[in-house]
Amino acid sequence: DTEVTQTPKHLVMGMTNKKSLKCEQHMGHRAMYWYKQKAKKPPELMFVYSYEKLSINESVPSRFSPECPNSSLLNLHLHALQPEDSALYLCASSQDILQRNEKLFFGSGTQLSVL
Amino acid sequence: DAKTTQPPSMDCAEGRAANLPCNHSTISGNEYVYWYRQIHSQGPQYIIHGLKNNETNEMASLIITEDRKSSTLILPHATLRDTAVYYCIVRVAVIKAAGNKLTFGGGTRVLVKP
């Protein structure tokens, strides 16, 4: 199984809503990532988790709250988002953050629209 | 990580080889060159990576110049399914404390035509 599964595939939410994005992998990977991608732009790193601990936060606003309940799961909790937060949110995993020949495996993403 | 420069777009004919250039003139000795691609409505997909030597796998070949300041990704027989945005990324081989940061540049939008 070399898949990273993200749910939901599409999400529409209002600015006062609270929602969560979910990501799951069963490859035994110990590093997981959230990226944000605006239309026709490259993905931008948001967060990195290593062994279930937050390793990198790229100065992401607090309305985005990541959580890694175990090594297979990664959540992104959303609250009080703005319309400019509408984007494709991509989850990725890798075997370990510190290995020399690291490859990232990406999910297909959640397309988020904030109204 | 070193910055990369890629042409914004290119077309290639189905069945022909596609040669995708990447310039990374500020690359350091311990930085790898990675290539990923992103097909529409999907997440990025790893293609290949290398440090100094040329590399080949089932998807593509990577040719790195001797001075390592540029590289070329070769798709030997392009198909319509190879239409995608191709990203060339330079990354430090080992990052002790900062974690594995893969930073995407603008990429090349490749259109394979029948």
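Since we're looking at a predicted model, the values are computed, not measured. (Residues numbered from 1 in each chain as written. Chains lettered and ligands numbered in written order. Predicted model: local features only at pLDDT ≥ 70, side-chain atom pairs only at ≥ 80, totals over all residues. Heavy atoms only, no water.)

S.K.: In this structure, what is going on with the packing of aromatic side chains? I would like to understand it.
M.R.: What characterises a pair of aromatic rings is the spacing of the ring centres plus the angle enclosed by the ring planes. With the rule as written, the count across this model stands at 9 aromatic pairs over all chains. Their ring planes at 85° and their centres at 5.8 Å tell us that A:Y35 and B:F104 sit as a pair that is edge-to-face. With A:Y35 in strand β4 (residues 31-37) and B:F104 in the loop between β8 (84-92) and β9 (108-113), the pair connects residues from two separate chains. Considered together, A:Y35 and B:F104 belong to a single accessibility category, that of buried residues. Ring centres 5.7 Å apart and planes at 75° place the aromatic pair B:Y36 and B:Y46 in the edge-to-face group. A residue pair is termed long-range when its members are at least 10 positions apart, and B:Y36 in strand β3 (residues 31-38) and B:Y46 in strand β4 (residues 45-50) qualify at 10 residues. On the basis of relative accessibility, which here comes to 0%, the residue B:Y36 falls in the buried class. (Phe/Tyr/Trp six-rings, centres within 6.5 Å; stacked < 30°, edge-to-face > 60°. Helix = DSSP H or I, 4+ residues; strand = E, 2+ residues; numbered from the N terminus. Buried < 20%, exposed > 50% of the residue type's maximum accessible area, 1.4 Å probe, protein only.)

S.K.: Help me understand the sheet that holds strand β5 (residues 55-56) of chain B in this model?
M.R.: Backbone-to-backbone hydrogen bonds pair the strands of a sheet. The strands run either parallel or antiparallel. Residues and elements named next belong to chain B. In spatial order, the strands read β2-β7-β6-β5; together these 4 strands make up an open sheet with antiparallel pairing. Where the open sheet ends on each side, the last strands, each with one partner, are β2 (18-23) and β5. Pairing of β2 with strand β7 (residues 70-75), which is carried by 6 bridges, proceeds in the antiparallel orientation. Its bridge partner lying in β7, N19 is registered against I74. (Pairing = 2+ DSSP bridges.)

S.K.: Would you explain the pattern of salt bridges in this entry?
M.R.: Oppositely charged side chains can form a pair if their charged atoms are brought close together. Residue and element names in this part refer to chain A. A complete count under the given rule lists 5 salt bridges over all chains for this structure. Two residues, E52 and R30, come together in a salt bridge whose shortest N-O distance is 3.2 Å. Of this pair, E52 sits in the loop between β5 (44-50) and β6 (53-57) while R30 sits in the loop between β3 (18-25) and β4; the two residues are 22 residues apart in sequence, bridging distant segments of the chain. The closest approach of N and O atoms between D85 and K36, which form a salt bridge, is 3.9 Å. With a gap of 49 residues between them, D85 in the loop between β8 (73-79) and β9 (87-94) and K36 in strand β4 connect regions that are remote in the sequence. Here D85 matches K36 in class, with each residue buried. Members of the salt-bridge network, linked through shared partners, are K36, R63 and D85. (Salt bridge = Lys/Arg side-chain N within 4 Å of Asp/Glu carboxyl O.)

S.K.: What's the story with the side chain of B:R68 in this structure? I'm lost.
M.R.: All names here are of chain B. Mapped onto the elements of the fold, R68 is located in the loop between β6 (61-64) and β7. Buried charge without a salt bridge: R68, with E31 as the nearest opposite-charge side chain at an N-O distance of 5.9 Å. Within polar-contact distance, the side chain of R68 engages the backbone oxygen of E31 at 3.1 Å. In contact with R68, not counting residues within four places along its chain, are H24, I27, S28, G29, N30, E31, L51 and K52. (Lys, Arg positive; Asp, Glu negative; His and termini not counted. Polar contact = N/O pair within 3.5 Å; in protein donor to acceptor, adjacent residues only side chain to side chain. Contact = heavy atoms within 4.5 Å.)

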